[in-house]
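Here's the letter readout for the chains.
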Amino acid sequence: MEFKFEKELIDLAEHDLAVREKLSAEGKLTGGYHPEMERIHKANAKRLREIMDKIGFPTISKVGATASDAAWLIIQHSIGEPEFMKECYKMMSEYSHDINLKNKAYLYDRIQFFQGKPQKYGTQLIAGGIPFPVEHKENLNREREEMNLLPLSEKEINQIPDPEEIPEIDGRDQEYVSWRKKVGWT
């Protein structure tokens, strides 16, 4: 069964990942938001909004599981558009029964991360592959399980900084702080 917009959504996400891979291999993804990546993210978000104007949120039953995941990737990467990401999270909450719950968890955490607030599921990482601070370490694996995420080990959980350390973590990169303010995260 083929769904309307299925191939297009998958192609948009695959193009995003291909460019990301190319820039990464060239060592160009350090030192801020690469202009080419930003251009692709904005173009993809614009097209996704057009598709959503026609069909609503791209749930599994509307576009298929792979294309619904692709739409999430486009949303997850639209980091220069905080309001779009937040609106999509609200829609994902409405359609929790018809989306991949992992995607909803990642988007929630991504929004919290960019706002400088503790995340719930531990999906967003800082230097060393350590999760950005979480709301409740003691509930983390239960929260993750509810969203079909694998549990973290006790060692991994113990490495997570406390929420009080967020200003220090964020403050390590002033360019990042300025960018978040410019696009409306803070």
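Coordinates for the structure precede this section.
Residues numbered from 1 in each chain as written. Predicted model: local features only at pLDDT ≥ 70, side-chain atom pairs only at ≥ 80, totals over all residues. Heavy atoms only, no water.

Student: If you had to explain the packing of aromatic side chains to someone new, which residues and values would you point to?
Tutor: Under the criterion given, the structure shown has eleven aromatic pairs. Aromatic side chains Phe 114 and Trp 185 sit 5.2 Å apart centroid to centroid with 25° between the ring planes, which places their arrangement in the stacked category. Pair noted here: Phe 114 is in helix α6 (residues 101-114) and Trp 185 is in the segment after α10 (174-183), with a separation of 71 residues, a long-range link. The exposure classification of Phe 114 matches that of Trp 185, with both residues buried. These aromatic residues form a ring-pair network of at least three members: Tyr 33, Phe 113, Phe 114, Phe 132, Tyr 176, Trp 179 and Trp 185. Residue placement shows Lys 120 over the ring face of Tyr 108; its charged tip is 5.3 Å from the ring centre. (Phe/Tyr/Trp six-rings, centres within 6.5 Å; stacked < 30°, edge-to-face > 60°. Helix = DSSP H or I, 4+ residues; strand = E, 2+ residues; numbered from the N terminus. Buried < 20%, exposed > 50% of the residue type's maximum accessible area, 1.4 Å probe, protein only. Lys NZ or Arg CZ within 6 Å of the ring centre and 35° of its normal.)

Student: Describe the side chain of Thr 59, with residues and values.
Tutor: On the secondary structure map, Thr 59 appears in the loop between α2 (35-55) and α3 (60-63). When its relative accessible area of 1% is taken as the criterion, Thr 59 is described as buried. Within polar-contact distance, the side chain of Thr 59 engages the side chain of Asp 98 at 2.9 Å. Thr 59 has contacts with Gly 64, Ser 68, Tyr 95, Asp 98 and Ile 99, leaving out every residue within four places of it along the chain. (Polar contact = N/O pair within 3.5 Å; in protein donor to acceptor, adjacent residues only side chain to side chain. Contact = heavy atoms within 4.5 Å.)

Student: Mind laying out the pattern of salt bridges, listing which residues take part and the relevant values?
Tutor: A complete count under the given rule lists 13 salt bridges for this structure. The closest approach of N and O atoms between Lys 22 and Glu 36, which form a salt bridge, is 4.0 Å. In this pair, Lys 22 sits in helix α1 (residues 6-25) while Glu 36 sits in helix α2, placing the two residues 14 residues apart along the sequence. Given the relative accessible area of 24%, Glu 36 is considered partly exposed. For Arg 49, the salt bridge is made with Glu 81, and the minimal N-O distance between the two is 2.6 Å. With Arg 49 in helix α2 and Glu 81 in the loop between α4 (65-76) and α5 (82-94), the pair connects residues that are 32 residues apart, well separated along the chain. (Salt bridge = Lys/Arg side-chain N within 4 Å of Asp/Glu carboxyl O.)

Student: Describe the nonpolar core, naming the residues involved and giving the relevant values.
Tutor: Generally speaking, a soluble globular protein has its nonpolar side chains buried in company with each other. If you look at the biggest cluster of nonpolar residues, it comprises 43 residues, and the most contacted ones within it are Leu 9, Leu 48, Phe 57, Ile 75 and Leu 107. Listing elements by their share of this core, those giving two or more residues are α1, α2, α4, α5, α6, α9 (166-170) and α10. Apart from residues no more than four positions distant in its own chain, Leu 9 is found in contact with Leu 48, Ile 51, Pro 58, Val 63, Ala 67, Ala 70, Ala 71 and Ile 74. With five residues, the next largest nonpolar core counts Val 134, Leu 140, Leu 152 and Ile 160 among its residues. (Core = buried A, V, L, I, M, F, W, Y, C linked by side-chain atoms within 4.5 Å.)

Student: Lay out α6 in plain terms, naming residues and giving numbers.
Tutor: Helix length check: α6 (14 residues) gives 20 Å between terminal C-alpha atoms against 20 Å at 1.5 Å per residue, within 8%. Of all 14 residues in α6, eleven are buried, a share of seventy percent or more. All buried positions along α6 are accounted for by Asn 103, Lys 104, Ala 105, Leu 107, Tyr 108, Asp 109, Arg 110, Ile 111, Gln 112, Phe 113 and Phe 114. Tucked inside the fold, the buried residues of α6 contact α4, α5, β1 (125-126) and α10. (Expected span 1.5 Å × (residues − 1).)

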